[in-house]
Amino acid sequence: RTTSWHEVNPWDKVRLANAVLDLRELKLLDKSEYYFTYKLNISISAEELKAIREGSYDVRDNAVYRSWRAHFENDDWEYLVDSLGAWLAPHRSKLVTFIVGPTGSGKSTMLFNLVKPVEPLVATVSLRSITGYQFGLQALIGKHILAYSERGDVVLKNLDVINNIVGENDFIHVERKHKPAVRIRSLKAALFTMND
């Protein structure tokens, strides 16, 4: 049968290694009527989700939190957490985040580590590829987020493109090589790291 686009890779569900996570209810689903073109190599228990829902989960006990938190001032940390929270929000957030810092400060390393757990959901493609190639938008098919280490002047020259991909329209027209064009949902969010 023909499958509707909203049945494939829905924004409010995530396919994990052990089940489907409902992002609205923060519950694991044993089965789902949706289809996924990916599986994240992440497992979470029902007990952990219950603690999160009830507010008893203490993130300070998490080793990943402890290793990253020390590198940020309070305001910068809140900005990063809000930005990353949009990645798994059950809706489109229209959020574009810029992480700016000097050369050699670890921005690209941080971006790599942030993207790794949700890699199947993230397009890592340059704005030059998207704008300079007729079929450049193909890399966005099936993705929820765009994350790339980019030069500041490239980002500023392509603000209209970023707005089209992340916010202005609900759908993006994508030309495909040797295949009919398709319409995809615009992305939830974008994150760029840059020196300037």
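It should be emphasised that the depicted structure is a prediction, and the values quoted were computed from it without experimental measurement. Position numbers for residues start from 1 in each chain and track the written sequence from start to end. For a predicted model such as this one, the threshold for reporting local features is a pLDDT of at least 70, and the threshold for listing and counting side-chain atom pairs is 80 or more; totals across whole chains, interfaces and linings nevertheless cover every residue. As a rule here, side-chain values come from all non-hydrogen atoms in the structure, and water together with hydrogens is ignored.

1. Observations concerning the overall build of the protein chain
Next up, step 1: If you tally the helices and strands in the protein chain, you get 7 helices and 9 strands.
Next up, step 2: Each radius of gyration reported is based on C-alpha atoms, and the globular scaling rule is 2.2 Å times the count of residues to the power 0.38. For 196 residues, the compact-globule formula gives about 16 Å, and the C-alpha radius of gyration of the protein chain, at 18 Å, lands near that figure.
Next up, step 3: Classification of residues uses two cut-offs on accessible area relative to the type maximum, computed with a 1.4 Å probe and protein chains only: under 20% is buried, over 50% is exposed, and between them is partly exposed. For the protein chain, buried positions account for 38% of its 196 residues.
Next up, step 4: Any pair of residues with heavy atoms lying within 4.5 Å of one another is described as a contacting pair. At a minimum sequence separation of 6, the contacts of the protein chain that also span at least 24 residues come to 62%.
Next up, step 5: Summed over all atoms, the accessible surface of the protein chain reaches about 11700 Å², with 51% contributed by carbon and sulfur. Strands are runs of DSSP state E lasting at least two residues, helices are runs of H or I lasting at least four, and both sets are numbered from the N terminus onward. Calculation of accessible area relied on Shrake-Rupley with a 1.4 Å probe; when residues are assessed, cover is drawn exclusively from the protein chains displayed.

2. Observations regarding the environment of Tyr 38
Next up, step 1: Turning to its location among the elements, Tyr 38 is positioned in the loop between β3 (27-29) and α1 (46-54).
Next up, step 2: Look at Tyr 38 and you get buried, because its relative accessible area is 8%.
Next up, step 3: The spatial distance from the C-alpha of Tyr 38 to the C-alpha of Lys 116 is 14 Å, given a sequence separation of 78 residues.
Next up, step 4: Leave out the neighbours within four places in its chain, and Tyr 38 touches Asn 9, Lys 13, Val 14, Arg 15, Pro 120 and Leu 121.

3. Details of the pairing of strand β9 (residues 189-194)
Next up, step 1: In terms of residue burial, β9 counts as a mostly covered element, since 6 of its 6 residues are buried.
Next up, step 2: Of the two faces of β9, the one carrying Ala 189, Leu 191 and Thr 193 and the one carrying Ala 190, Phe 192 and Met 194 are both buried.
Next up, step 3: Think of it this way: DSSP has to see at least two bridges between two strands before they count as a pair. Where strand β4 (residues 95-100) lies against β9, 6 bridges are found, and the strand directions are parallel. Residue pairing in the sheet places Thr 97 in a bridge with Leu 191 of β9.
Next up, step 4: Pairing between strand β6 (residues 145-149) and β9: 5 bridges, direction parallel. Within the sheet, the bridge partner assigned to Ile 145 lies in β9 and is Ala 189.

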